[in-house]
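Residue-level listing of the chains:
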Amino acid sequence: MIDRTPRLQFPPELPAEQRSLLIDVACRNQADHGTGLLGMVLSGSAGRGLATDLSDLDVYVVLADKGRRCTVHSAALDEIPVTLAELEEVPAFGSAGWWFRWSYAWAPVLLDRTAGRVQSAMSRQATVTTGEAESILVEHDRLDGWINYAYRALKNNRDGRGLECRLDAAESMPWLLDVIFTLAGRVRPYHKYLPWELHHHPVPGWDAAELLALLTATLDGDPAAVRATFQRIDTLCAAFDSQRTEPLLRPIIDAWGDELLLLRQ
């Protein structure tokens with residue numbers, strides 16, 4: 001008898017019990033879809049070596065046609081069906097699908113019967129192109145928005161409003177992280193995975209420990225951290241513009257005029 005069990009490539013640290021669950025998923029989908037089972041991707045904590053005893057498995061099952069199948073949740077495993085065509089669609093920043101793009105970043109491919117299309121699609125989902133970066137930073141105001149919150153935090157600190165400073169500093173975080181990862185050509189990770197990504201997949205121009213310390217100090221309302229971060233972003237924006245025929249980000253920063261003095265003290 002020919003063994004038709006799909007051959008899965010597991011991360012080495014994945015426990016035997018979870019491997020068995022994933023083999024069951026593969027066999028069931030093989031029986032239901034035959035050659036329509038194109039791939040499997042392990043996302044979540046288990047896919048990135050961060051699982052605890054309470055972690056479940058998040059697995060994307062890539063199908064030629066998923067029909068009416070929908071995500072199945074259980075205490076042990078979330079099985080998420082997705083077609084290859086859907087995987088190869090790239091949702092724009094701000095759209096409903098944008099939030100899910102990072103779920104493919106650094107996630108191991110357990111099975112790929114598409115000659116690499118699954119892996120290629122996942123890499124594209126987690127990558128920000130130059131055109132996307134321009135849209136995120138300029139059209140969606142992520143750079144200007146971050147400067148605004150950083151400036152407001154420093155104004156509140158100057159005026160002795162400690163709580164207000166910390167609130168604006170906290171509000172600046174999503175904007176700042178979008179700026180940092182967009183300038184690096186990457187989709188920013190979910191907060192849970194931020195330290196892991198910075199340490200395992202460093203962002204060019206940033207030391208992981210240094211950046212995490214700046215983020216922590218900023219949340220504490222430390223004006224020195226806000227200013228140090230602005231200096232680094234200012235430099236990275238200049239590097240981004242140096243690859244263009246005309247500057248795009250410098251005009252956004254320069255438009256703040258004399259108010260930049262508070263950020264550059």
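Structure: above.
In this report, the structure presented in the accompanying data block is examined. (Residues numbered from 1 in each chain as written. Predicted model: local features only at pLDDT ≥ 70, side-chain atom pairs only at ≥ 80, totals over all residues. Heavy atoms only, no water.)

1. Quick look at the side chain of Ser 43
In this fold, Ser 43 is placed in strand S1 (residues 37-43). You can call Ser 43 buried: its relative accessible area is 5%. One polar contact links the side chain of Ser 43 to the main-chain carbonyl oxygen of Ser 103, over a distance of 2.6 Å. Apart from residues lying up to four places away in sequence, Ser 43 is in contact with Arg 48, Asp 58, Tyr 60, Ser 103 and Ala 107. (Helix = DSSP H or I, 4+ residues; strand = E, 2+ residues; numbered from the N terminus. Buried < 20%, exposed > 50% of the residue type's maximum accessible area, 1.4 Å probe, protein only. Polar contact = N/O pair within 3.5 Å; in protein donor to acceptor, adjacent residues only side chain to side chain. Contact = heavy atoms within 4.5 Å.)

2. Observations concerning helix H4 (residues 130-139)
Within H4, burial applies to Glu 132, Ala 133, Ser 135, Ile 136 and Leu 137. Residues of H4 that are buried make contact with helix H3 (117-125), helix H5 (142-158), helix H6 (162-183), helix H9 (223-242) and helix H10 (250-254). Phi for Asp 141, located one or two positions after H4, is positive at around 60 degrees.

3. Considerations on the packing of aromatic side chains
Summed over all chains, the structure comprises 8 aromatic pairs. Aromatic side chains Trp 99 and Tyr 190 sit 4.7 Å apart centroid to centroid with 35 degrees between the ring planes, which places their arrangement in the tilted category. Of this pair, Trp 99 sits in the loop between helix H2 (84-87) and strand S5 (109-112) while Tyr 190 sits in the loop between H6 and helix H7 (194-200), and the two are 91 residues apart along the sequence. Since its relative accessible area comes to 52%, Trp 99 is described here as exposed. Judged by centre distance (5.4 Å) and plane angle (55 degrees), the ring pair of Tyr 151 and Trp 256 falls under tilted. Taken together, the residues Tyr 151 in helix H5 and Trp 256 in the loop between H10 and helix H11 (260-263) connect sequence positions 105 residues apart. Taken as a pair, Tyr 151 and Trp 256 share a single burial class, namely buried. (Phe/Tyr/Trp six-rings, centres within 6.5 Å; stacked < 30°, edge-to-face > 60°.)

4. A closer look at the environment of Thr 229
Mapped onto the elements, Thr 229 comes out in helix H9. What makes Thr 229 buried here is its relative accessible area of 3%. The spacing of Thr 229 and Val 59 is 170 residues in sequence and 37 Å in space, taken between C-alpha atoms. Those residues in contact with Thr 229, other than ones at most four positions away along the chain, are Trp 146, Leu 176, Trp 206, Leu 214 and Thr 218.

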